[in-house]
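Observations on chain architecture
Chain residues, written in single-letter form:
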Amino acid sequence: MAVKTTDSFGRPLVAVTGMGVVTSLGQGKKDNWAALTSGKSGIHRITRFPTDHLSTTIAGTVDFLPQSDKGASALTFALADLAAEEAIAQAGLSLSDFGGPLFLAAPPVELDWHHRLRLYAQSDRARGWRSLLDAARNADERERFDECQFATIADRLADKYGTRGMPITLSTACASGATAIQLGVEAIRRGECDRALAIGSDGSATAEALIRFSLLSALTTQNEFPEKASKPFSKDRSGFVLAEGAGALVLEPLEAALARGAEVLGILRGCGEKADDFHRTRSKPDGSPAIAAVRAAIADAGMSVDEIEYINAHGTSTPENDKMEHLSLSTVFGERIRQIPISSNKSMIGHTLSAAGAIEAVFSIMTMREGVIPPTINYEIPDPAIELDVVPNVKREADVKVVLSNSFGFGGQNTCLVMAREAG
């Protein structure tokens with residue numbers, strides 16, 4: 001029987017033909033999946049920089065790469081590069097002539113400390129900040145300039161892999177990785193390209209980031225046992241754990257993927273987004289933007305809520321966000337939400353910020369392919385106000401055909417993805 005290659009709206013079905021991932025658990029899908037399904041935590045004490053005066057001294061940093069101590073920009077590129085190479089190779093496409101657009105989710109760019117210290121060394125400190133500005137104006141260092149350009153990482157990736165057109169770099173807070181995938185899906189649906197490369201990457205676990213999130217009371221300060229610190233949906237959750245990583249997906253029209261004999265790993269069925277202007281960081285108390293994003297993704301997939309069989313939760317482990325996610329899901333799914341398995345990868349890898357949506361999309365598709373749901377670890381004290389089947393502490397075998405993956409970001413930036421194991 002012929003495989004249907006369009007959805008109920010007549011649009012091309014979008015297939016995933018390659019995936020790559022790097023997290024604090026390791027490099028590549030094999031190592032990450034083995035660790036994730038065994039309930040292993042990648043969260044550890046920070047050794048990259050001094051933490052003497054920081055409230056939070058743990059993170060899910062990626063410390064095993066040569067670029068790990070070279071600054072956020074260098075590490076974000078390295079993570080994206082490794083994930084992209086793994087994804088493109090799995091898709092069986094050229095590593096130098098990809099032939100489609102690049103959509104990159106990346107963190108905001110700022111001058112790294114090693115550059116700042118160099119500027120200080122070149123300045124007349126007696127003149128204060130004016131001397132520092134003079135030093136910056138007189139510095140003739142192309143590397144420093146490039147690292148401060150938001151588009152530099154995408155440009156380097158585009159040059160290396162031969163993507164087409166101007167690469168798009170986006171930053172929509174914690175929804176960024178999922179938004180990059182959405183942009184790729186929509187470009188294919190519009191007939192603008194034959195394939196797209198969507199990447200979410202973030203190597204910005206810096207001292208400054210820890211301070212900023214601490215000032216927002218968003219980070220946990222339970223430093224004594226790092227592997228126990230991230231506990232989504234638990235009553236004693238106290239904040240998220242900052243982390244690094246990257247996820248990459250090769251997207252193609254299903255018809256084109258089948259025609260060239262590519263292995264179809266999964267189908268991107270629906271994308272939903274909703275933003276609000278309630279607050280720069282807080283979620284709207286009634287959860288309406290998150291509710292709308294979930295409903296929009298399911299509607300875009302042409303599906304009903306009854307067809308969702310597993311939810312890869314945003315699950316940050318902050319008191320407010322977990323409560324809001326439960327509110328949104330219980331509103332959309334009603335009483336059935338208690339029976340739908342839900343788990344949070346962040347309990348093990350931490351919150352990878354700009355990369356989270358892409359990394360979790362990779363894990364969602366692997367959940368369907370492998371027939372195993374990763375657990376939510378550290379779930380020891382259930383929150384009676386959050387009645388969910390969080391797949392506590394131990395993986396669960398399950399035949400999952402359709403997944404909803406949530407990415408709810410600061411500033412009310414919400415993106416949800418519906419993925420299916422097969423086209424039918």
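This report concerns the structure included in the present document. Quantities reported herein were computed from a predicted structural model and do not represent experimental measurements.

Below, the discussion takes up the overall build of the chain. Counting its secondary structure elements, the chain contains 13 helices and 15 strands. Compactness check: the chain gives a C-alpha radius of gyration of 21 Å against a globular reference of 22 Å for 424 residues, within 12% of the reference. With respect to the three principal axes, the spread of C-alpha positions in the chain is 75 × 50 × 40 Å. A burial count over the chain gives 59% of its 424 residues as buried. Contacts in the chain between residues far apart in sequence, at least 24 positions, make up 78% of those at least 6 positions apart. Element-wise, carbon and sulfur atoms account for 52% of the exposed surface of the chain, whose accessible area totals about 17,100 Å².

The packing of two helices is summarised by the inter-axis angle and the distance between the axes. Relative orientation of the contacting elements helix 7 (residues 176–189) and helix 13 (residues 356–370) amounts to 70 degrees, with a least axis distance of 4 Å. Between helix 7 and helix 13, the angle is such that the two are roughly perpendicular. In this structure, helix 7 uses Gly-177, Ala-178 and Ile-181 to contact helix 13, whose residues at the interface are Gly-357, Ala-358 and Ala-361.

With that out of the way, let us pick up the side chain of Ser-41. Counting through the fold element by element, Ser-41 comes out in the loop between helix 1 (29–37) and strand 3 (44–45). Here Ile-43 takes part through its backbone nitrogen, which lies 3.1 Å from a polar atom of the side chain of Ser-41. Every residue in contact with Ser-41, bar those within four places of it in the chain, is listed here: Leu-25, Glu-227, Met-348 and Ile-377.

What follows is about empty space enclosed by the protein. Per the counting criterion, the structure on display carries one cavity of 30 Å³ or more. Estimated volume of the largest cavity: approximately 80 Å³. Ser-283, Lys-284, Met-324, Gly-412 and Asn-414 are the residues nearest the centre of the largest cavity, which is lined by 15 residues in total. Contributions of two or more residues to the lining of the largest cavity are made by helix 10 (288–300) and strand 14 (402–409). Counting residues per element, the lining of the largest cavity draws most heavily on helix 10, which supplies three residues. For the lining of the largest cavity, a count of residues per class yields four nonpolar, eight polar and three charged.

In protein structure, a disulfide is the covalent linkage between the sulfur atoms of two cysteines. In the structure shown here, the tally under the stated rule is zero disulfides. Cys-416 provides the cysteine sulfur closest to Cys-174, a residue in no disulfide bond, and the two sulfurs are 13 Å apart. Note on Cys-271: no disulfide assigned, nearest cysteine sulfur contributed by Cys-416 at a separation of 10 Å.

All buried positions along helix 1 are accounted for by Lys-29, Asn-32, Trp-33, Ala-35, Leu-36 and Thr-37. Just downstream of helix 1, Gly-39 is the residue with a positive phi angle, here 75 degrees.

Okay, the layout of surface pockets next. Roughly 880 Å³ of internal volume is contained in the largest pocket. In this structure, the largest pocket is lined by 37 residues; those nearest its centre are Ala-72, Glu-110, Ser-204, Thr-206 and Ala-209. Residue composition of the lining of the largest pocket, by class: 17 nonpolar, ten polar and ten charged. Estimated volume of the second largest pocket: approximately 320 Å³. Forming the boundary of the second largest pocket are 18 residues, of which Ala-218, Thr-281, Thr-318, Asn-321 and Phe-410 lie nearest the centre. Going through the elements one at a time, helix 11 (319–333) and strand 14 are the ones with two or more residues in the lining of the second largest pocket. When residues of the lining of the second largest pocket are assigned to their parent elements, the largest contribution, three residues, is made by helix 11. Here the lining of the second largest pocket is composed, by residue class, of seven nonpolar, nine polar and two charged.

With that settled, the discussion passes to the packing of aromatic side chains. Counted according to the given criterion, the structure contains one aromatic pair. Taking 5.2 Å as the distance between ring centres and 75 degrees as the angle between the ring planes, the aromatic pair formed by Phe-213 and Phe-240 counts as edge-to-face. Here Phe-240 lies in the loop between helix 8 (207–215) and strand 8 (245–253) and Phe-213 lies in helix 8, a separation of 27 residues in the sequence. Both residues of the pair, Phe-213 and Phe-240, belong to the buried class. The side chain of Arg-156 reaches across the aromatic face of Phe-77, ending 3.6 Å from its centre.

Rules behind the numbers
Residues numbered from 1 in each chain as written. Predicted model: local features only at pLDDT ≥ 70, side-chain atom pairs only at ≥ 80, totals over all residues. Heavy atoms only, no water. Helix = DSSP H or I, 4+ residues; strand = E, 2+ residues; numbered from the N terminus. Rg over C-alpha atoms; globule rule 2.2 N^0.38 Å. Buried < 20%, exposed > 50% of the residue type's maximum accessible area, 1.4 Å probe, protein only. Contact = heavy atoms within 4.5 Å. Areas by Shrake-Rupley, 256 points an atom, 1.4 Å probe, with all protein chains shown as cover. Axes fitted to C-alpha atoms, helices over the stretch in contact; angles between N-to-C directions. Parallel < 35°, antiparallel > 145°, perpendicular 65-115°, else oblique. Polar contact = N/O pair within 3.5 Å; in protein donor to acceptor, adjacent residues only side chain to side chain. 1 Å grid on protein atoms, 1.4 Å probe; cavity = no way out; pocket = protein on both sides within 12 Å on 5 of 7 lines; lining within 4 Å. Points joined across faces, edges and corners; volume = space filled by probe spheres on them. Nonpolar A, V, L, I, M, F, W, Y, C, P; charged D, E, K, R; others polar. Disulfide = S-S within 2.5 Å. Phe/Tyr/Trp six-rings, centres within 6.5 Å; stacked < 30°, edge-to-face > 60°. Lys NZ or Arg CZ within 6 Å of the ring centre and 35° of its normal.

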